[in-house]
Amino acid sequence: MNIDPADPKKPDRDRFVLSKGHTAPGYYSTLANRGFFPVEDLKTLRHVGSYLQGHPDMKHIPGVDMSSGSLGQGISAAVGMAISAKLSGDDYRVYTLLGDGEIQEGQVWEASMLAAHRKLDNLVVIVDNNNLQIDGAITDVNSPYPIDKKFEAFNFHVINIDGHDFDAIDAAFKEARETKGQPTAIIAKTVKGKGVSFMENQASWHGAAPNDEQYATAMADLEKVGEALCQK
Amino acid sequence: MSEVKKIATRESYGNALAELGKKHEDVVVLDADLAAATKTGVFKKAFPERHIDCGIAECNMMGVAAGIATTGKVPFASSFAMFAAGRAFEQVRNSIGYPKLNVKIGATHAGISVGEDGATHQCNEDIALMRSIPGMVVINPSDDIEAKAAVEAAYEHVGPVYLRFGRLAVPVINDNPDYKFELGKAVTLREGTDVTIIASGLPVSESLAAAEKLAADGISAEVINIHTIKPLDEEAVLKSAAKTGKVVTVEEHSVIGGLGSAVCDVLAQNAPTKVLKIGVNDVFGESGPAVQLIKKYGLDADSIYEKVKEFCK
Ligand SMILES: Cc1ncc(C[n+]2csc(CCOP(=O)(O)OP(=O)(O)O)c2C)c(N)n1
Ligand SMILES: [Mg+2]
C-alpha cells in the first residue's frame, strides 16, 4: 500500500477501512509496528484516556482512515472513498476488510450493489471467512454461503484464496489491481485464532483475553509458526 | 392584501445546491431515489457527474457520504427526513457524527405538512434524534430566503449539519434587505412584552400572524425565529423570557425532544419560566391536504392564537 507513517494523512495515500472494527487490536499492532505510533502505547488499549479506543477512531489514531465498529458500515465509507477518487481522477486504491458474519448486514449488500454499479475497480473488499461469529458457526446462525457466488451476482470480480497463504494473498491483490471495470472481492478462507493451539476455531475466544499461562503458551505457539514461515 | 410569495423550502434546497455547485467544485450531492422530490434534481441537471444516486439505500448513502467527506469533498446527502434521520440514524451517529465528518444531511419532507403520504412519511421525531448526536448542528429554516442562506452556512461550517426542509410551499417572510443568517443566532421578528413565542420552521409565519391577532386583543407577543436548534441561541431565549415571563414554543415536530424541549432545558437550568409547548402532541400524523393537517394538529395561526391567549390568562 502507498502509505507513509511520517505523513499518515497524505492525500494520495491508499486507504484501508477495517469494517470489522472489533479486530482493532490486530490493526493497532500492525500500525504501531509499521511506525504510525509507538509500540509501547499498545499496552494502553481500552484504558481510560488512551487514544487507542476499543474500536478504530480516525480522529485520534494515526493511520486510521475511518472510524468503525458498528458492523456493516465500514464498507459504505470505503465505497465513498473510491467514488471520490473516481470523481477527481485520483489513483489511490481503497481496501476494506469484512467479517463473514458481518456480511449478514443488509448495508453490506447496499454498498456492494453501488460499488459494482459505479464500476469501482479501485476498491477491494476482503472477507475474512473464518466461519465463526459470536453465537457460533455462521452456518448454524444464518449462513451467508455461497459468499463468492453472492459477490459474483453483485458483479464483483471474485478471488477465493487461503487467507493464511502469503503468496496467495499477494497474487490476489495483484490480480485485483489488474482488474478493470469492476470491484474485486477476495474471499479469504481463514481459521480464527490461527497458530494458537487452544484458540483455533473456538468461537469462545472471540473477545477474550488470555491469562498469563495461556499467554505464554500462545506466544510459544506463535514463535513456532513464525519460524516455519521464515523457513519457507 | 397583496399575494404573498410562497415557496417550499425543498425547492430552496435544490436551487441553493445548484448555486453552491457553481461556486465550489468540492460539493457532491447524494440522493436515494428521491431526486425529483428532494429537488436535488436541480443540482443533477447542472452537475450530473457530481450527483450520486445511491438508489433506495439510505443507510449506505450516509456511509458513502462519510467516506467522501474523509477525502476532503463536501457531500450533501439527501432524502426524506423520515429516512435520513430515522432509517439511517445509527449510520449518521456512528459513521458521520462520531468521526465528526464534514457531511451535510439535507432532509426534506419533514413534519406533518408532507400531507397525503401520511404517518409513515411524516417525520416528527428527526430534530429529537439529530440534536442528541454530539457535535451535530441542526437547522430548521422558516422560508425560502432562510433555507438558501442555511445551505450556504452549512457549507461554510466545518462539521456535520442536519438541514430540515418542508414539502409545502410556505410564505416568504425574510425578504428584507437587512436579513442576515448567522448560524446559532435567533432572529427577533417582532418585539413584545407580555409573552414570548419561539417558533421554528413552517410555524414561524403562522406565529407572526397569531401575534398580530393577539395584539388586537391587547396582548403584546414577542416572536422569535429559531432557525438553528443546535447550537441554540440560549442568550436570546433567556433575555426574552426575562422580559415577558412567559414562553410559548411552536414547532412542526413532536413536543418531545424538539425545539420546545431544547428551550425548556435552557430555562429550567437558568431561569425557570412557565412554558407552553405547541407541536405534534405525541401522536402519529395522518393523510390529508397539508394545510388541513396543519389546522387539525393546531399549528395554524388561529390555533396558535387561541392557545397563547388561554396561556396568557
Ligand atoms: C451492527 C453490529 N451488531 C453487532 C455487533 C457486535 N459484534 C461484534 S463482533 C460480532 C461478530 C462478528 O463476526 P464476524 O463478522 O464473522 O467477525 P470475525 O469472525 O472476523 O471476528 C458481533 C455480532 C457490532 N459490532 N455491530
Ligand atoms: Mg467470522
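What counts and how
All residue numbers refer to position in the chain's written sequence, counted from 1. In the order they appear in the text, chains get letters beginning with A and ligands get numbers beginning with 1. Two thresholds apply to this predicted model, a pLDDT of at least 70 for residue-level local features and 80 or more for giving and counting side-chain atom pairs, whereas whole-chain, interface and lining totals are computed over all residues. To get the side-chain values, take all heavy atoms of the structure and skip hydrogens and water. A run of H or I in DSSP becomes a helix once it reaches four residues, and a run of E becomes a strand once it reaches two; helices and strands are each numbered from the N terminus. A helix is expected to span 1.5 Å multiplied by its residue count minus one. The term polar contact refers here to a pair of N or O atoms within 3.5 Å; inside protein, the definition further demands a hydrogen-donor-capable atom paired with an acceptor-capable atom, and it admits residues adjacent in sequence only when both atoms are side-chain atoms. Marked domain ranges trace back to an automatic or database domain assignment. Contacts are residue-level and defined by heavy atoms, with any inter-residue pair within 4.5 Å sufficient. By buried area we mean the combined loss of accessible area, with a 1.4 Å probe, across both parts when two parts are placed together. We define a salt bridge as a contact between a side-chain nitrogen of Lys or Arg and a carboxyl oxygen of Asp or Glu at a distance within 4 Å. Here the coordinating atoms are restricted to nitrogen, oxygen and sulfur within 2.8 Å of the metal centre, or 3.2 Å for Na, K and Ca, and because water is not among them the sites may look incomplete. A simple rule labels every residue: compare its accessible area, found with a 1.4 Å probe on the protein chains alone, to the largest value its type can have, and call it buried under 20%, exposed over 50%, or partly exposed in between. One heavy atom within 4 Å of a molecule or strand makes the whole residue count as near it. In this description, accessible areas are obtained by the Shrake-Rupley approach with a 1.4 Å probe, and a residue is regarded as covered only by the protein chains that are shown. Each residue gets one label: Ala, Val, Leu, Ile, Met, Phe, Trp, Tyr, Cys and Pro are nonpolar, Asp, Glu, Lys and Arg are charged, and the others, such as Gly, are polar.

When the terminal C-alpha atoms of helix α6 (residues 166-178) of chain A are compared, their 19 Å separation across 13 residues agrees well with the 18 Å that a helix rising 1.5 Å per residue should span. Its side-chain oxygen 3.0 Å from the backbone nitrogen of Asp167 of chain A, Asp165 of chain A forms the N-cap of α6 of chain A.

All names here are of chain B. Each assigned domain of chain B is listed with its residue range as follows: domain 1 (6-171) and domain 2 (187-308). Relative to domain 2, the C-alpha centre of domain 1 lies at a distance of 25 Å. With 31 residues of domain 1 at the interface, the matching set in domain 2 holds 36 residues. Here domain 1 packs against domain 2, burying approximately 2400 Å² in sum over the two surfaces, 56% of which is carbon and sulfur. Area buried by domain 1 at its contact with domain 2 is led by Ile112, Asn124 and Arg131, which between them contribute 28% of it. At the junction of domain 1 with domain 2, the criterion picks out one salt bridge.

Perfect tetrahedral coordination of a metal by four donors corresponds to 109.5 degrees between them, and perfect octahedral coordination by six donors corresponds to 90 or 180 degrees. Residues and elements named next belong to chain A. Within the protein, Asp100 (OD), Asn130 (OD1) and Leu132 (O) serve as the donor atoms for the magnesium ion (ligand 2), at 2.1 Å. All donors of the magnesium ion (ligand 2) belong to a single chain; written as a sequence motif, their spacing is D-x29-N-x1-L. Of this pair, Asp100 sits in the loop between β2 (94-99) and α3 (106-117) while Leu132 is found in strand β4 (residues 132-133), placing the two residues 32 residues apart along the sequence. Take Asp100 and Leu132: they sit in the same class, and that class is buried.

Let us now look at the pattern of salt bridges. Residues and elements named next belong to chain B. For the structure on display, the rule yields 23 salt bridges over all chains. As a salt-bridge pair, Lys213 and Asp302 come within 2.8 Å of each other at their nearest N and O atoms. Taken together, the positions of Lys213 in helix α9 (residues 203-216) and Asp302 in helix α13 (residues 301-312) put the pair 89 residues apart, joining distant regions of the chain. Since its relative accessible area comes to 34%, Lys213 is described here as partly exposed. Lys243 is the salt-bridge partner of Glu222, the closest N and O atoms lying 2.6 Å from each other. Of this pair, Glu222 sits in strand β11 (residues 221-225) while Lys243 is found in helix α10 (residues 234-244), placing the two residues 21 residues apart along the sequence. Put simply, Lys213, Lys295, Asp300 and Asp302 are held in one network by salt bridges that share partners.

Residues and elements named next belong to chain A. Inspection of the secondary structure assignment puts Thr96 in strand β2. From its side chain, Thr96 meets the backbone oxygen of Val17 in a polar contact 2.9 Å long. The contact partners of Thr96, leaving out residues within four places of it in the chain, are Val17, Ser19, Gly74, Ile75, Ala78, Val124, Val125 and Ile126.

The subject of this paragraph is the site of ligand 1. All names here are of chain A. The environment of ligand 1 is formed by 17 residues, the closest being Lys20, His22, Asp100, Gly101 and Glu102. Asp100 places a polar side-chain atom, nitrogen or oxygen, 2.7 Å from an oxygen atom of ligand 1. Interatomic distance of 2.8 Å between a backbone N/O atom of Gly101 and an oxygen atom of ligand 1. In isolation ligand 1 offers 590 Å² of accessible surface; the protein chains occlude 76% of this area. In terms of residue class, the shell around ligand 1 is made up of three nonpolar, eight polar and six charged.

Contacts between the two partners involve 25 residues from chain A, matched on the other side by 25 residues from chain B. Counting each side, the surface lost to burial between chain A and chain B is near 2000 Å², with a carbon and sulfur contribution of 58%. The largest per-residue losses of area from chain A upon contact with chain B belong to Gln73, Leu87 and Glu110 of chain A, which jointly make up 25% of the total buried on that side. Our count for the chain A to chain B interface comes out at 13 residue pairs in polar contact (both at pLDDT 80 or more). Among the secondary structure elements, those contributing two or more residues to the side of chain A that touches chain B are α2 (74-88) and α3 of chain A. The class makeup of the residues in the side of chain A that touches chain B is ten nonpolar, nine polar and six charged.

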